[in-house]
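# Architecture and fold: a report
Here is how the chains run, residue by residue.
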Amino acid sequence: MTQDNGELDSLVRKRIRALRVAQGWSLEELAARAQVSQSTLSRIENGRRRLALDQLVTLARALDTSLDQLVETASDDVVTSPMIDGAHGLMRWPVKADPGMTVMRQRMTNPPPDSPSRMRAHPGREWLVVLSGTAVLLLGNRRIRVETNQAAEFPTMLPHAIGAEGGPCEILGIFDRDARRSHQRGDDAYDSGRPRR
């Protein structure tokens, strides 16, 4: 479903106002940041002034967002089903807004490897949150406990591995394009307890 120009125009105006209010800024404060008059900004928000591209770019910057996000419309395919890898206990979802990113959910039962040679390093960056249980992240020479509702973010060029401590744990990880490629090739530091093929 596509939105006509009137719906998009209304959506952008509401979004400008909502972003301003979320920042706790008055019309005067946003107008000063965007270097437009307060009356111009008021007319833009209330639909009494036409939306001009140059003003939208300026307002997007002042609101600390991008023009793309300011004018983005909802797509019909909001819900995404996971790709399931039953052999490794993984569920993966692509991130549509950034096709290079992937979200992964995994239940882990094995502890991290006891040998540094089983740790992996590869290009990229990873973020993970422990949904339940306790995970142990081996990162370089460090051993880091990550408990339920705690998150960790790290560059994957550091040798790393992760496993469960004191029983099963479940994690949700987000991988950038480079980290995702490495995990898809099988350099999976999250699969540390399983034998390598």
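Residues numbered from 1 in each chain as written. Predicted model: local features only at pLDDT ≥ 70, side-chain atom pairs only at ≥ 80, totals over all residues. Heavy atoms only, no water.

### With respect to helix α1 (residues 5-23)
- Between the first and last C-alpha of α1 there are 27 Å, a value that for 19 residues agrees with the 27 Å anticipated at 1.5 Å per step.
- Every buried residue of α1 is listed here: V12, R13, I16 and R20. Taken around the axis of α1, the buried residues stretch over an arc of 95°, which confines them to a single face. For α1, the exposed residues lying more than 90 degrees away from the buried face are K14 and A22.
- In this fold, the buried residues of α1 make contact with α2 (27-34), α3 (38-46), α4 (53-62) and α5 (67-71).
- One or two residues past the end of α1 sits G24, with phi positive at roughly 80°. (Helix = DSSP H or I, 4+ residues; strand = E, 2+ residues; numbered from the N terminus. Expected span 1.5 Å × (residues − 1). Buried < 20%, exposed > 50% of the residue type's maximum accessible area, 1.4 Å probe, protein only. Arc of directions from axis to C-beta. Contact = heavy atoms within 4.5 Å.)

### Brief notes about the pattern of salt bridges
- Under the definition given, this model contains 6 salt bridges.
- Note that R105 is salt-bridged to E170, the shortest N-O span being 2.8 Å. Taken together, the residues span a long stretch of sequence, with R105 in strand β3 (residues 102-108) and E170 in strand β7 (residues 160-175) at a distance of 65 residues.
- When salt bridges that share partners are traced, they join R145, E147 and E165 into one network. (Salt bridge = Lys/Arg side-chain N within 4 Å of Asp/Glu carboxyl O.)

### What to know about the packing of α2 against α3
- Orientation of α2 relative to α3, taken along the N-to-C sense of each, is 110°, at an axis distance of 8 Å. By the angle between their directions, the pair α2 and α3 is classed as roughly perpendicular. Contacts between α2 and α3 involve L27, E28, L30 and A31 from the first element and Q38, L41, S42 and E45 from the second.
- For the contact of α2 with α3, the class distribution of residues is 4 nonpolar, 2 polar and 2 charged. (Axes fitted to C-alpha atoms, helices over the stretch in contact; angles between N-to-C directions. Parallel < 35°, antiparallel > 145°, perpendicular 65-115°, else oblique. Nonpolar A, V, L, I, M, F, W, Y, C, P; charged D, E, K, R; others polar.)

### Looking at unusual backbone geometry
- In the Ramachandran plot, Q35 falls in the positive-phi region, its phi being about 55° despite a non-glycine side chain.
- Secondary-structure assignment places Q35 in the loop between α2 and α3.
- Note on Q35: relative accessible area 73%, which makes it exposed.
- Phi is positive for D64, which is not a glycine, with a value near 60°.
- Turning to its location among the elements, D64 is positioned in the loop between α4 and α5.

### Considerations on the nonpolar core
- Of all hydrophobic cores here, the largest spans 16 residues; its most connected members are L137 and I171.
- Among the secondary structure elements, those contributing two or more residues to this core are β3, β4 (125-139), β6 (151-155) and β7.
- Counting residues in hydrophobic clusters, the runner-up holds 15 residues, among them I16, L30, L56 and L70. (Core = buried A, V, L, I, M, F, W, Y, C linked by side-chain atoms within 4.5 Å.)

### Quick word on the side chain of T156
- Residue position: T156 is located in the loop between β6 and β7.
- A residue is classified by how much of its surface remains accessible, and T156, at 0% relative accessible area, is buried.
- Of the polar contacts made by the side chain of T156, one reaches the backbone oxygen of H122; its length is 2.6 Å.
- Only 3.1 Å separates the side chain of T156 from the backbone oxygen of P123, close enough to count as a polar contact. (Polar contact = N/O pair within 3.5 Å; in protein donor to acceptor, adjacent residues only side chain to side chain.)

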